[in-house]
Amino acid sequence: RGMGNRQSLPHSHSTKPNYEHNKPPKNSSLKSPSKSNLKTFTDKKLRRPLLTAAVAIFVGALSHNFIDSFTHQSGAAVSMFPVLRKEVFSFGGDQLHVFRLLQYLGSAIGMVMIIGAYWFGLMRYCRATGARIWQDCRGWLVLIGVTGFTILVAAALNAEYFPRDLNFYAFRVFGFKFLITWLPIIGLAILCLAVLFTPKSKSE
């Protein structure tokens, strides 16, 4: 009964699931990782910071070579200006010349400028976001621990240059070797800390 009201389905329609409908189209516009990274570096918002960084690196390299000419014995400026080769004083049998004194003073001033720029930048960030600089002391303890560890590593790598007596020249050699070893290590360590301890956004 009721068979006459039933309508037969067309032959082309089937009750089987259509898997072809779930397949992505051949000309899919899915972005590959390389294209995504390229878009990141070509974003208009990032052009100015990237250009600023490139110019800063270029100017820093040129200024470094220019300053070295005044602060190293083999520098062009030291050869041109006799006043830079003048002896300031002698300590432990080692003569300290004007160009060497400029090198030490320049290094100290540069270090103070870097620390000051980081500190004022951090304070400006805290004022803009309302975050407290001492909100979590664990980060500072990690930084202090990493700094101490890298100092020991740099000192161990230059143990052969450690002064055996109170000799100014020996301390100068060890200090120079230590700094050129420690600065890249602490820089890389801080960069790794920044990557590992980057806070996740709320959307993640």
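Source: prediction; values computed, not measured.

A. Structural view of the overall build of the chain. If you tally the helices and strands in the chain, you get 6 helices and 2 strands. Sequence-ordered secondary structure for the chain, helices as α and strands as β, is α-α-α-β-β-α-α-α. Scored against the burial criterion, the 204 residues of the chain give a buried share of 14%. Sequence separation of 24 or more characterises 39% of the internal contacts of the chain that already satisfy a separation of 6 or more. Total accessible area on the chain stands at roughly 17,700 Å², and carbon and sulfur atoms take up 67% of it.

B. Inspection of the nonpolar core at higher detail. Listed in full, the 8 residues of the largest apolar core are Val146, Ala154, Phe174, Phe178, Trp182, Ile186, Ala189 and Leu193. When residues of this core are traced back to their parent elements, those giving at least two are α5 (137–157) and α6 (168–196). Looking at this core element by element, the count peaks at 6 residues for α6. When neighbours within four sequence positions are excluded, alanine 154 is seen to be in contact with Phe178, Thr181 and Trp182.

C. Molecular detail of α6. Between its terminal C-alpha atoms α6 stretches 41 Å, which fits the 42 Å expected from 29 residues at 1.5 Å a residue. Inspection of α6 places Ala170, Arg172, Phe174, Phe178, Thr181, Trp182, Ile186, Ala189 and Leu193 among the buried residues, and these make up the whole buried set. Structurally, α6 contributes buried residues whose contacts are with β2 (94–97), α4 (98–129) and α5.

D. View of the packing of aromatic side chains. Following the criterion strictly, the structure yields 5 aromatic pairs and no others. On the basis of an interplanar angle of 5° and a centroid distance of 6.1 Å, the ring pair of phenylalanine 178 and tryptophan 182 is categorised as stacked. Of this pair, phenylalanine 178 and tryptophan 182 both sit in helix α6, 4 residues apart, which is roughly one turn of that helix. Counting every residue linked through ring pairs, the aromatic cluster contains Phe162, Phe174, Phe178 and Trp182.

E. Here's a closer look at the side chain of threonine 181. One can find threonine 181 in helix α6. A relative accessible area of 19% means that threonine 181 is categorised as buried. With residues up to four places along the chain from it excluded, the contact list for threonine 181 reads Ala154, Leu157 and Asn158.

F. Up close: the confidence of the model for the chain. For the chain, the average pLDDT comes to 76, and 71% of its residues sit at 70 or higher. Mean pLDDT across the secondary structure elements of the chain bottoms out at helix α1 (residues 33–41), with 50, and peaks at helix α3 (residues 76–80), with 93. Predicted confidence for residues 24–34 stays below pLDDT 50, and this span has 1 contact to residues more than four positions away or in other chains. Within the model, the stretch residues 200–204 combines pLDDT values under 50 with 0 contacts to residues more than four positions away or in other chains.

G. Local environment of a nonpolar patch on the surface. On the surface, a cluster of nonpolar side chains totalling about 500 Å² of accessible area is made up of Leu51, Val55, Phe58, Val59 and Leu62. Given a relative accessible area of 46%, valine 59 falls into the partly exposed group.

H. Seen up close, α5. Under the 1.5 Å per step criterion, the end-to-end length of α5 is 30 Å for 21 residues, consistent within 8% with the ideal 30 Å. In this structure, the buried residues of α5 make contact with α6.

Rules used throughout
- Residues numbered from 1 in each chain as written.
- Predicted model: local features only at pLDDT ≥ 70, side-chain atom pairs only at ≥ 80, totals over all residues.
- Heavy atoms only, no water.
- Helix = DSSP H or I, 4+ residues; strand = E, 2+ residues; numbered from the N terminus.
- Buried < 20%, exposed > 50% of the residue type's maximum accessible area, 1.4 Å probe, protein only.
- Contact = heavy atoms within 4.5 Å.
- Areas by Shrake-Rupley, 256 points an atom, 1.4 Å probe, with all protein chains shown as cover.
- Core = buried A, V, L, I, M, F, W, Y, C linked by side-chain atoms within 4.5 Å.
- Expected span 1.5 Å × (residues − 1).
- Phe/Tyr/Trp six-rings, centres within 6.5 Å; stacked < 30°, edge-to-face > 60°.
- pLDDT = per-residue confidence, 0-100.
- Patch = residues over 30% accessible without salt bridge, like charges linked within 9 Å, V, L, I, M, F, W, Y side chains within 5 Å.
- Salt bridge = Lys/Arg side-chain N within 4 Å of Asp/Glu carboxyl O.

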